[in-house]
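# Inside the fold
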Amino acid sequence: MVPVLLSRLVAACSAVLFASACSSSDGTSVAGKGDLIIGVSFDQPGLGVRRLDGTFRGIDVDVARYVANELGVPESKISWQEAQPANREKLLTSGQVDLVLSTYSITAKRKEVIDFVGPYFVAGQDLLVRMDESRISGPESLNNDASLRLCSVQGTTSAEYVKTEFAQNVKLVEYPKFSDCVTAVLADNADAMTTDDVILAGYAAQNPELLRVVGKPFSKEEYGIGIRKGDAEGRGKVADAVRKMIDSGEWRKIIERNVGPSGYVIPDPPTVAS
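The present account deals with the structure reproduced in this document. Counting restarts for each chain, with residues numbered from 1 along the sequence as it is written. Residues qualify for local features only when their pLDDT is at least 70, as the model is predicted, and side-chain atom pairs are given and counted only at 80 or more; totals for whole chains, interfaces and linings, by contrast, use all residues. Derived side-chain values reflect all non-hydrogen atoms in the structure, with water molecules and hydrogen atoms excluded from consideration.

## Description of the pairing of strand β11 (residues 192-196)
Applied cut-off: Accessible area is worked out with a 1.4 Å probe on protein chains only. A residue is then buried under 20% of its type maximum, exposed over 50%, and partly exposed in between. In this text, helices come from DSSP runs of H or I with a minimum length of four residues, and strands from runs of E with a minimum of two, each type numbered from the N-terminal end. By definition, two strands form a pair when at least two bridges between them are found by DSSP.
Of all five residues that make up β11, five are buried, and the element is covered over most of its length. Relative to β11, strand β8 (residues 125-130) runs antiparallel, the two sharing five bridges. Each bridged residue has a counterpart across the sheet, and for glutamine 125 the counterpart in β11 is aspartate 196.

Below is the structure:
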């Protein structure tokens, strides 16, 4: 009888350990944390910027604050970490951050390694050019001149999408950060920059006499909140927070406060899928 009892005890203990490891309330879920590390962009005007005084501003930052507060985490308990396009998945899978809000487009490939909540904003890909640039009127026009250079950020699919779908002849230039691409366009080291229109609007607003957005969006980019894969409890709580933000009218206030002055046409609020 002893071996039978021992085997039952081992089985029972294994079941308890397995349940504990799989439980979202074991401290790994964002739903049960008293503080949060949140990845945001540091150099995207209107979306996520670290100011000279060390404070953070932008749509992504304000959405992150709202969600954290709904999870019971005050702003004083939020640590902000820079999330660049090329390292967003790694930040989540390695546990360096709890959430990522960094103009993070929801894609099937990314969902293989992390989960998303959203969308909380829908943008469209566009082009940013110098104010006096007359050769570029949309993505197709980039094929008209073999010398044209298109800048995008490493870890994004924006430029490759343009090259594949619209302008096979355009020369691609890549930099680590969005601000690097803006500098390249201003310095005539690139002729256009491509990413989401709301990001470009922020940069154009910073340089209204030098830069302009072409204004012909040609894709649909759904921004989601990145969260570690398997955190069902946390994903549910975050989704509830985003829905409340939209239904209460706070979503529109956040968008208007951060990009309204740029003249960007504010879209209707999205429907949160998860």
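Once you've had a look at it, read on.
## Quick notes on the sheet that holds strand β9 (residues 149-153)
Rule in force here: Orientation is described by lines fitted to C-alpha atoms, with helices fitted over the stretch in contact, and by angles between N-to-C directions that extend from 0 to 180 degrees. Here, two residues are considered to be in contact whenever any of their heavy atoms come within 4.5 Å of each other.
Read from one edge to the other, the open sheet built from five strands follows the order β10-β9-β11-β8-β12, with strand pairing classed as mixed. Strands at the two margins of the open sheet, each flanked by one partner only, are β10 (171-175) and β12 (211-213). Adjacent strand axes in the sheet meet at a mean angle of 30 degrees, parallel and antiparallel pairs treated alike. The pairing of β8 with β12 spans three bridges and is antiparallel. Within the sheet, the bridge partner assigned to valine 129 lies in β12 and is arginine 212. Along the sheet, helix α6 (residues 197-206) makes contact with β8, β11 and β12, crossing β11 at roughly 130 degrees.

## Quick word on the packing of helix α2 (residues 59-70) against helix α7 (residues 232-247)
Rules: Roughly parallel here means an angle under 35 degrees, roughly antiparallel means over 145, roughly perpendicular means 65 to 115, and every remaining angle is called oblique. By convention, the crossing between two helices is left-handed when the near helix turns anticlockwise from the far helix through less than a right angle, and right-handed when the turn is clockwise. Nonpolar residues are Ala, Val, Leu, Ile, Met, Phe, Trp, Tyr, Cys and Pro. Charged residues are Asp, Glu, Lys and Arg, and all others, Gly as well, are polar.
Running from N to C, α2 and α7 cross one another at 120 degrees; their axes reach a closest spacing of 9 Å. Taken together, the axes of α2 and α7 lie oblique to each other. Here α2 and α7 pass one another in a crossing that is right-handed. Mapping the contact onto sequence places Val63, Tyr66, Val67 and Glu70 in α2 and Val238, Ala241, Val242, Lys244 and Met245 in α7. Tallied by class, the residues present in the contact of α2 with α7 amount to seven nonpolar, no polar and two charged.

## Re the sheet that holds strand β4 (residues 56-57)
For sheets, the rule is that strands pair by backbone hydrogen bonds, running either parallel or antiparallel. As summarised here, the arrangement of the three strands in space is β2-β3-β4, forming an open sheet in which the pairing is antiparallel. Looking at the sheet topology across the chains shown, the edges are occupied by β2 (43-44) and β4. Strand direction decides the pairing type here: β2 and strand β3 (residues 48-50), joined by two bridges, are antiparallel. Looking at the pairing, aspartate 43 lines up with valine 49 of β3.

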